[in-house]
Amino acid sequence: MTTKPLTILLATTMLAAPALAQQPAPAPAPAPADTAAPPAEEEIDISAPGGSNSEIVVIGRRIPNTVRLSREVVSVLSSADIARSGEGDIAGALKRVTGLSVVGGRYVYVRGLGERYSLALLNGLPIPSPDPLRRVVPLDLFPTSVLASSVVQKSYSANFPGEFGGGVINLTTKAVPKEAFFTVGGSIGANTVTTGQLGYVYAGGKKDWTGFDDGTRRLPTGIRASQDAGTALAVGGNYSLRQLQDITATLTNAETNVIFSNDNIPVNWSANMSGGRAWDVGDARVGFVFAAGFSNDWQTKAGKQQLSGGAAVGPGGTLQLNPDQDFDFAATEFRSVLNGLFSVGAEFGDHKIRFSNVYVNDTIKEARIQSGTDDINVGRDVLLQRNATALFRRQLIDTQLVGEFKFGDLTLDVRGTYANSKRLAPYERFNNYAFSAQFNDYVNDLRSPGQSSLVAFSRLNEDVWGGGIDLGYKFRNGPFPIRVTAGYAWSSADRSSERFDYRYQSNAALPGAVTQQRPDFLLSDFNVYTYGIILNTISTVAPRYDARMTVHAGYGQIEIEPADGVQFVAGVRYETGKQNVTPVDVFNANPGSAFNTPTNIDKGYWLPAATLTWNFAEDMQLRVAASKTIARPQFRELAPQPYFDTESDRLSFGNQFLTNSELINVEARYEWYFGRDERIAVGGFFKDIDKPIDAIAFVQGGTFQTTFANAPNARLYGAEIEVQKYFDLSGWGKLFETRRFFVSANYTWANSEIRVKAGDTTRFPLSGEIVPATDIFRNGLPLTGQSDHVANLQFGFQDDEGLSEQTILLNYASNRVAFRGPSGQPDLVEKPGIRLDVVIRQGITLFGREIEAKLEARNLTNTRYQEFQRLNASRIDTNTFALGRTIQASASVKF
């Protein structure tokens, strides 16, 4: 597709702290900046020896340095902002930023655009995701203790990767400390629907509490040999009955199969420490920073999961949805997180070098019970019970080397990274029983409808290499300063993913007494050898896939200040991307099928961008920006491999016929900084998306499944406003002489609509059939994941001379489409609702030590998670459960 005309092009300077404002690194976030205004008449001399003697009068003397020196539309979360939010991970803290909402507690949506349109960087470098459903890393992996700041840039600039839709989130880890420090802390917390309440657990391994398996879930040798050789487990094939029985008997049984009730789920707790030190070595300053944390958390979800097979005529002759599958469910998740950071840095003159390393291990252990009916597959009169156990371990290792060098008017930045992510899910167990009137008990004969036992093994590994170089020079001899920068970036991601599903079957009918046994007895070695119970490979499409994406990009941009208070930055990026996803039909179950069609996307794009900033008063400025960007399909969206998403309890698979999306972005923003730390900002934005990727759903064999397709076109537009104001309370008496009352509020209104008309087509997954787009999409519907209204309100008290903060936080997001409704049904809608949090932080001195105490109360509104369908007066609760209220107390001690 050719580049559309743009009236204004967009580009940027980097998001550096004031001292690094001239560095051309692609996305370094600013360190926490001092936002106090400089003296009223201060002039900043930016001339240098050997350059011209001209001076630029900075009109915006009351505009915070970080915001003033960035040429783009940005929101900054400093370490103080993160601390005030009280959140334990950066995903929670970011939902307080204007226009941002967090879906599933992990994925950040910028201005209502899905996580595929958001880019996350760590110190300006790419990071892989350990989640096989998404390429974007889930931000709940990053505890706030290892981060110095976070910058959200909503307008595109040419020094960023071209995959930029809603915005980029750049996380900056802590670097060389100003002074030595060592801090130890911990927390304890409880949830009203989990802690001390009924939950469900299973034994697993003895080291599960650490987040690591002790070998209990090791893949049996016979199963691994079958996968490697491509020989499916089945009688009459490559294996005898005895061989299959031997392989079946090697599986870990009771430890992964039996669910127990626990009437007293434990409390949540965490421990952490951090420290750092720096030395002066000649003219250089060398230092290190480290941080480590460990936590155990529990969450029980109990509620409704329903599914409608389609609309039917109800009372009064109106159409309504009926719950053809109707289950009550309860699931308990135990989560163990281990994280660490180690960074070594050196600063000498105007040069900086940083070597950073991040490690995160995040493990979820889940036990789930469902009880209800399935009129689609079994019949409404048969009561079913479905039990499931699983362990999902996600790991991220990231190492980076960054150098920033300045030689007068010449700057040079070099950077490199290697990262590895893994996701291991051994022994996903599913045991399904049906109530038998004959035995007055639940039975599982391994063959009748609604009665089965299954097990799955999956694993993912992804390696990411990346590097880049930026060169900049400032010319001072012309009528006004001109800065020219150019750079090159490269990244390569290689992923291997596999999932193998197996079903237990018997070669003869099981005795009634055996069918009544609990899962570990039913699948015991005795029954395996006595009744011929064996594992059979379920022939799925592409149980394994290999994927690679290689990106090369070069950019150039120019920054000019033609008049006092006027900045113009224009640039263009040329980016090529080669993306390949190759399904592997391991067992040759679908030879010659379109299911095995590999995806090869090889396209290059010219991506122009520009921003004009007019600092027309000492405390006001106006920005106008426009750009062209792209969005590539994610690996999982392209791979036809089935995958069960435990977050949504749905089977998902990709569409190997997806194509890239192209975006045109235009926006404007007015900013007024009317006092210290005080501001009002108002903005508007518009995006046109060609061939956006949207989630669609359908019901097949009584199973709700989701996949993806390209819609013809979509548009998104909206407005946002942000206000922050402090009130001096020193006149209220001695108790308040050092205190301020603050109010911070932001609101974003956004509207999106899919545009589809007669004659538009799209390609359906697996078969690749070209179908009318109107068969899948309806004109005017919003994009999935987009809330029309997102609002945040914070207010409370703050002490200027010591640590004492009391903050009330309100967060609201309006209903948003989670999935397209299957077979013409209404869409599945998520209702985030209103959440009220309270965070109290207080510094005290005890035995000569500085202590920070914190008390947090979360979701005091007791808002539930709700996902549902509506048709006239009927409602189907596809996934609804209680979240409860959470109370947590923590303390940290400085040594």
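Residues numbered from 1 in each chain as written. Predicted model: local features only at pLDDT ≥ 70, side-chain atom pairs only at ≥ 80, totals over all residues. Heavy atoms only, no water.

Scanning the protein from N- to C-terminus turns up ten helices and 45 strands. Of all intrachain contacts in the protein linking residues separated by at least 6 positions in sequence, the fraction that spans at least 24 positions is 74%. Put simply, the protein shows about 34400 Å² of open surface, and 57% of that area lies on carbon and sulfur atoms. (Helix = DSSP H or I, 4+ residues; strand = E, 2+ residues; numbered from the N terminus. Contact = heavy atoms within 4.5 Å. Areas by Shrake-Rupley, 256 points an atom, 1.4 Å probe, with all protein chains shown as cover.)

What the rule picks out here adds up to 52 salt bridges. Note that Asp 827 and Arg 820 form a salt bridge whose closest N and O atoms lie 2.9 Å from each other. For Asp 827, a relative accessible area of 10% gives the class buried. Sharing partners across several salt bridges, the network here consists of Lys 154, Arg 623, Arg 669, Glu 671, Arg 679, Glu 720 and Glu 722. (Salt bridge = Lys/Arg side-chain N within 4 Å of Asp/Glu carboxyl O. Buried < 20%, exposed > 50% of the residue type's maximum accessible area, 1.4 Å probe, protein only.)

Before going further, it helps to examine helix 5 (residues 241-249). Residues of helix 5 that are buried: Leu 244, Gln 245, Ile 247, Thr 248 and Ala 249. Summarising the contacts, the buried residues of helix 5 are in contact with helix 4 (221-229), strand 21 (482-506), helix 9 (525-531) and strand 22 (533-537).

Here the focus is the nonpolar core. Ranked by internal contacts, the top residues of the largest apolar core, which has 24 residues, are Ile 223, Leu 233, Leu 251, Val 455, Tyr 502, Tyr 504 and Leu 535. The contacts of Val 455, once residues within four sequence positions are left out, are Leu 251, Tyr 427, Glu 428, Arg 429, Phe 500, Asp 501, Tyr 502, Tyr 504 and Leu 535. Membership of the second largest hydrophobic core comes to 21 residues, among which are Ala 493, Val 551, Val 581 and Leu 828. (Core = buried A, V, L, I, M, F, W, Y, C linked by side-chain atoms within 4.5 Å.)

Before going further, it helps to spend a moment on unusual backbone geometry. In this structure, Asn 440 is a non-glycine residue whose phi angle is positive, near 50 degrees. Of note in this structure, Lys 691 is not a glycine but carries a positive phi near 60 degrees. Its place among the elements puts Lys 691 in the loop between strand 30 (678-690) and strand 31 (693-700). The exposure class assigned to Lys 691 is partly exposed, which follows from its relative accessible area of 38%.

A separate point is empty space enclosed by the protein. Applying the stated criterion to the full structure yields nine cavities of 30 Å³ or more. Volume-wise, the largest cavity comes out at about 650 Å³. Lining the largest cavity are 42 residues, and of these Leu 119, Leu 121, Pro 126, Pro 161 and Ser 491 sit closest to its centre. By residue number, the principal contributor to the lining of the largest cavity is strand 21, which donates six residues. (1 Å grid on protein atoms, 1.4 Å probe; cavity = no way out; pocket = protein on both sides within 12 Å on 5 of 7 lines; lining within 4 Å. Points joined across faces, edges and corners; volume = space filled by probe spheres on them.)

Once that is clear, we can look at the packing of aromatic side chains. Applying the stated criterion across every chain yields a total of 28 aromatic pairs. With a centroid separation of 5.2 Å and an interplanar angle of 65 degrees, the aromatic rings of Phe 741 and Phe 797 are classed as edge-to-face. Within this pair, whereas Phe 741 is found in strand 34 (residues 739-755), its partner Phe 797 is found in strand 37 (residues 789-799), the two being separated by 56 residues in sequence. Clustering of aromatic rings is evident, with ring pairs tying together Phe 182, Trp 279, Phe 288, Phe 290, Phe 342 and Phe 895. Over the ring of Phe 521 we find Arg 518, and its NZ or CZ is 4.4 Å from the ring centre. Lying across the ring of Tyr 726, Arg 740 places its NZ or CZ 3.7 Å from the centre. (Phe/Tyr/Trp six-rings, centres within 6.5 Å; stacked < 30°, edge-to-face > 60°. Lys NZ or Arg CZ within 6 Å of the ring centre and 35° of its normal.)

This part covers the pairing of strand 24 (residues 566-584). With 18 bridges joining them, strand 23 (residues 544-563) and strand 24 adopt antiparallel strand pairing. Each residue of the ladder has a partner; that of Val 551, found in strand 24, is Gly 577. Adjacent in sequence and paired antiparallel, strand 23 and strand 24 are bridged by two residues, among which Gly 565 carries a positive phi angle near 85 degrees. Sheet topology note: the strand 24/strand 25 (residues 599-617) ladder contains 16 bridges and is antiparallel. Bridging from a neighbouring strand, Ala 570 pairs with Ala 610 of strand 25. (Pairing = 2+ DSSP bridges.)

A separate point is the environment of Tyr 717. Within the fold, Tyr 717 resides in strand 33 (residues 713-728). Here Tyr 717 falls in the partly exposed class, since its relative accessible area comes to 33%. Distance in space between the C-alpha atoms of Tyr 717 and Asn 751 is 5.5 Å, their sequence separation being 34 residues. In contact with Tyr 717, other than residues within four places in its own chain, are Phe 685, Phe 686, Trp 749, Ala 750 and Asn 751.

Taken together, the buried positions of helix 4 are occupied by Ile 223, Arg 224, Ser 226 and Gln 227. Down the axis, helix 4 shows its buried residues gathered within 160 degrees of arc, on one side only. Opposite its buried face, helix 4 presents the exposed residues Thr 221, Asp 228 and Ala 229, each directed more than 90 degrees away. Tucked into the core, helix 4 has its buried residues touching helix 5, strand 20 (452-475), strand 21, strand 22 and strand 23. Taken from the residues just after helix 4, Gly 230 is the one with a positive phi, measuring 75 degrees. (Arc of directions from axis to C-beta.)

Let's shift gears to the side chain of Asp 520. Structurally, Asp 520 is set in helix 8 (residues 519-522). A distance of 2.6 Å separates polar atoms of two side chains, one belonging to Asp 520 and the other to Arg 518. Ignoring anything within four residues of it in the chain, the contact list for Asp 520 reads Asn 253, Ala 254, Asn 257 and Val 258. (Polar contact = N/O pair within 3.5 Å; in protein donor to acceptor, adjacent residues only side chain to side chain.)

By the element assignment, Glu 737 lies in the loop between strand 33 and strand 34. Setting aside chain neighbours within four positions, we find Glu 737 in contact with Leu 729 and Ser 730.

This next bit is on the pairing of strand 4 (residues 118-122). Across the five residues that make up strand 4, a large majority, five, are buried. Taking every second residue as pointing to the same face, both faces of strand 4 are buried, with Ser 118, Ala 120 and Leu 122 on one and Leu 119 and Leu 121 on the other. As paired elements, strand 4 and strand 7 (residues 167-173) share five bridges and run parallel to each other. Looking at the pairing, Leu 122 lines up with Leu 171 of strand 7. Bridge count between strand 4 and strand 5 (residues 125-126): two bridges; the pairing is antiparallel. Residue pairing across strands places Leu 121 opposite Pro 126, the latter belonging to strand 5. Here strand 4 folds back onto strand 5, and the loop between the two strands holds two residues, one of which, Asn 123, carries a positive phi near 55 degrees.

On the surface, a cluster of nonpolar side chains totalling about 600 Å² of accessible area is made up of Val 666, Val 682, Phe 686, Tyr 717, Ile 721, Val 723, Tyr 747 and Trp 749. The greatest single-element share of the nonpolar patch, amounting to three residues, is contributed by strand 33. Summarising the element assignment, Trp 749 is placed in strand 34. Classification of Trp 749 as partly exposed rests on a relative accessible area of 32%. (Patch = residues over 30% accessible without salt bridge, like charges linked within 9 Å, V, L, I, M, F, W, Y side chains within 5 Å.)

Okay, the confidence of the model for the protein next. This prediction gives the protein a mean pLDDT of 85; 85% of its residues lie at or above 70. For the protein, per-element mean pLDDT is lowest for helix 1 (residues 65-69), which scores 57, and highest for strand 9 (residues 199-202), which scores 98. This stretch, residues 1-60, has a pLDDT under 50; its non-local contacts, to residues over four places away or in other chains, come to 174 contacts. (pLDDT = per-residue confidence, 0-100.)

Bringing the environment of Thr 231 into the picture now. One can find Thr 231 in the loop between helix 4 and helix 5. Overall, Thr 231 belongs to the buried group, its relative accessible area being 17%. Residues Thr 231 and Asn 588, 357 residues apart in the sequence, show an inter-C-alpha distance of 8.9 Å. Residue contacts for Thr 231: discarding those within four places in its chain leaves Ser 226, Asn 238, Tyr 239 and Phe 587. Within polar-contact distance, the side chain of Thr 231 engages the side chain of Tyr 239 at 2.8 Å.

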